[in-house]
Amino acid sequence: MHYHGKALEELLVSAESQECLTVGVYESAKVMNVDPDCVAFCVLSTDEEYEGDIALQIHFTLIQAFCFDNGIDIVRVNDTQRLAEILGNTDESGEPKDVHCILVTNPSEDSWKDPALEKLSLFCEECRSFNEWVPAITLPEC
C-alpha cells in the first residue's frame, strides 16, 4: 500500500506544480459542475475528527456518485494532516486548506500524462475488479 501512497504523493506534487489541482469540497464541486471532462482523478480525505460530520459524508457520497457516473478514478485517504503537509498547510490567505476533496485536472484537451497517475489508475481498476470502488491509500510518512 505504501507504493500507492508514494505514487499519490508524487501525483499531487506534480499536479500542483503544473497548476492541475483543485483543492476543497466546494471548489471541486464547482469544477465538476462546469467541466467534468477535465477531471482526471479524485482524492477524498477524512480522519477521526470528521468521521461523524454528516454534511461532509453527504458531499462525499455525491462526489463519489459523480465520479462513478463520469468514469473518474477515486481513492480515499485517512490522513488529512499528512495530505495538507504535502500540499502546504495553508492557502494564499493563510487559512488552513480544505483537503477533504482534491481533484487532479487536465488543463486542456490533451490528456495530461503522468506515470504516477497511470499507476494509480491501474490500481483503481484492479480494486474495482474486486468490488472495492473507493480504495483506501496510506500516505508515506514525511
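See the structure above.
Residues numbered from 1 in each chain as written. Predicted model: local features only at pLDDT ≥ 70, side-chain atom pairs only at ≥ 80, totals over all residues. Heavy atoms only, no water.

Q: Which parts of the structure should I look at to understand the packing of helix 1 (residues 2-17) against helix 5 (residues 115-129)?
A: Two packed helices can be described by the angle between their axes and the distance between those axes. Running from N to C, helix 1 and helix 5 cross one another at 135°; their axes reach a closest spacing of 8 Å. Here helix 1 lies oblique to helix 5, going by the angle between them. Of the two possible hands of crossing, helix 1 and helix 5 adopt the one that is left-handed. Side by side, helix 1 and helix 5 meet where Tyr 3, His 4, Ala 7, Leu 8, Glu 10 and Leu 11 of the first sit next to Ala 116, Leu 117, Lys 119, Leu 120 and Phe 123 of the second. Per-class residue counts for the contact of helix 1 with helix 5 are eight nonpolar, one polar and two charged. (Axes fitted to C-alpha atoms, helices over the stretch in contact; angles between N-to-C directions. Helix = DSSP H or I, 4+ residues; strand = E, 2+ residues; numbered from the N terminus. Parallel < 35°, antiparallel > 145°, perpendicular 65-115°, else oblique. Left-handed = near helix turned anticlockwise from the far one by under 90°. Contact = heavy atoms within 4.5 Å. Nonpolar A, V, L, I, M, F, W, Y, C, P; charged D, E, K, R; others polar.)

Q: What should I look at first to understand unusual backbone geometry in this one?
A: A positive phi angle, close to 55°, is found at Glu 19, a residue other than glycine. Inspection of the secondary structure puts Glu 19 in the loop between helix 1 and strand 1 (21-23). Backbone geometry places Asn 131, a non-glycine residue, at a positive phi of 60°.

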